[in-house]
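Single-letter residue listing:
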Amino acid sequence: MKIINGVYFPARFAWRQLIHDRTKFIAAICGVLFACVLVFMQLGFKDSLYASAVSAPTILSGDLFLVHKQSEAMWRPIHFSRSELMRALGHPAVAEVAPLYLGLAPFKNMQTQTKRTLMVYGFDPDKELFNVAAVKSMRRALQRKDTVLFDEYSRPEFGPVRELLQAGRNVTEINDYKVSILGLFRLGVSFAADGNVVTSDLNFLRIFPGRNADEIDLGVIRLHPDASLKEVQAALDERLNTFVSIFTYDELLEYEKLYWANTAPIGFIFGFGTIMGLVVGMVIVYQILFTDITNHLNEFATLKAMGYQDGYFVRVVFASAFFLAFLGFMPGLLFSVGLYFLAESQMFMPMPMTFNKVMTVFFFILSMCAVAGLLAIRKLKAANPADMF
């Protein structure tokens with residue numbers, strides 16, 4: 001073992017101790033790898049959940065948004081009177097208002113005739129409500145009766161819509177109502193909806209005959225360029241009824257995220273899965289370190305008798321924990337990248353492997369191994385040279 005000024009270098013000592021029993025060494029690395037992959041996947045699913053949750057609000061062109069206070073999320077809206085939105089138009093800083101209608105409905109696959117639920121968005125084609133190039137270019141065409149635009153990023157269970165449109169087939173049914181697909185746009189699926197359709201407000205009311213134009217799901221407000229966002233928001237809050245909430249763009253995104261994080265059980269499941277992955281990995285690393293210390297307790301007691309202090313042994317254990325964290329993290333990262341690509345191909349939702357996520361998981365894994373080392377050190381401190389005699 002390497003000696004520096006008469007003292008065994010702790011990292012060198014820790015490394016040789018780990019590789020002394022290669023079976024246990026590999027088992028420890030596999031335990032850390034398992035925890036790493038589990039944490040990466042849980043965080044990836046959670047980030048994908050939040051990204052999909054805000055996909056719809058991000059394409060809306062507005063400064064302020066009206067939502068019924070009992071609405072849990074955009075996909076579960078509570079209707080409110082259109083007159084509330086019109087009252088907002090009375091503020092001098094408000095340039096334009098636009099209602100948005102939302103509804104889930106079964107879409108008939110033009111090829112297999114099977115039905116699958118998607119989200120239908122209804123808006124006034126005279127107003128540029130969506131920041132999507134395809135919708136902007138086709139909004140005038142949507143004024144035609146019984147026409148819609150289909151989201152080509154929807155799940156494949158809705159059928160090969162692009163190929164069918166190219167072949168001249170564009171007639172299908174939404175909510176058992178016959179419509180024609182004029183073209184495609186791109187939005188993406190979410191945990192709430194497997195697909196999306198955009199149509200005019202009048203066509204929306206034809207697809208949903210139980211709805212009427214005075215019951216809207218979300219109100220979009222655009223302000224004049226020189227208007228103060230917060231001042232107008234506060235003024236409208238006093239002007240409008242208390243059953244509606246007035247959100248800025250950022251607040252609307254946060255509102256959608258909070259639903260999935262706190263109200264929907266799936267947010268808790270992902271968080272709980274992350275914690276359990278760390279706990280399982282910590283237990284495995286603790287067992288390896290504890291067993292290693294127990295098996296070499298006499299050797300540690302001998303080193304104590306030679307004058308080595310507890311601080312030296314603490315550094316040895318933490319060096320072992322760092323080696324396990326690093327060696328388990330690297331293959332875990334590579335394996336997780338492959339799983340991310342696999343998950344994206346099956347879920348049709350983005351799961352990016354960002355630098356911040358990599359550093360966060362490495363910190364979690366390193367902390368997990370450090371805590372396991374702290375627990376294992378208690379046994380090491382019990383090593384007494386007198387016990388050898």
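Scroll up a little and you will see the structure.
Residues numbered from 1 in each chain as written. Predicted model: local features only at pLDDT ≥ 70, side-chain atom pairs only at ≥ 80, totals over all residues. Heavy atoms only, no water.

## Here's the deal with empty space enclosed by the protein
Selection criterion: The pocket and cavity definitions rest on a 1 Å grid over protein atoms only: a 1.4 Å probe that fits but cannot leave marks a cavity, an open set with protein on both sides within 12 Å along at least five of seven lines marks a pocket, and residues lining either have an atom within 4 Å of a point. Grid points are joined across faces, edges and corners, and a volume is the space filled by probe spheres set on the points. Each residue receives one of three labels: charged for Asp, Glu, Lys and Arg, nonpolar for Ala, Val, Leu, Ile, Met, Phe, Trp, Tyr, Cys and Pro, and polar for the others, Gly being one of them.
On inspection of all chains with the given rule, the structure shows four cavities of 30 Å³ or more. Around the largest cavity, the lining comprises 18 residues; the ones closest to its centre are Ala56, Trp75, Tyr121, Ser190 and Ala192. By residue class, the composition of the lining of the largest cavity is twelve nonpolar, five polar and one charged. In this structure, the second largest cavity encloses a volume near 70 Å³. Its residues assigned to classes, the lining of the second largest cavity comprises three nonpolar, one polar and three charged.

## Considering the pattern of salt bridges
Oppositely charged side chains are able to pair whenever their charged atoms sit close together. Using the following cut-off: Basic side-chain nitrogens of Lys or Arg form a salt bridge, by our definition, when they fall within 4 Å of a carboxyl oxygen of Asp or Glu. Secondary structure follows DSSP: runs of H or I at least 4 residues long count as helices, runs of E at least 2 residues long count as strands, and numbering of each begins at the N terminus. A 1.4 Å probe rolled over the protein chains alone gives each residue an accessible area, and that area as a share of the maximum for its type sets the label: buried under 20%, exposed over 50%, partly exposed in between.
One pass over the structure, following the stated rule, counts 14 salt bridges. Among the salt bridges present, the one from Glu96 reaches Arg222, with a minimum N-O distance of 2.3 Å. Here Glu96 is found in strand β5 (residues 94–108), whereas its partner Arg222 is found in strand β12 (residues 218–223), with 126 residues between them in sequence. For Asp194, the salt bridge goes to Arg116, with nearest N and O atoms at 2.9 Å. Of this pair, Asp194 sits in the loop between β9 (177–185) and β10 (196–200) while Arg116 sits in strand β6 (residues 115–123), and the two are 78 residues apart along the sequence. Classification of Asp194 by relative accessible area gives partly exposed; the value is 23%. You can call Arg116 partly exposed: its relative accessible area is 30%. Bridged by salt links that share partners, the residues Glu152, Arg162 and Arg186 form one connected network.

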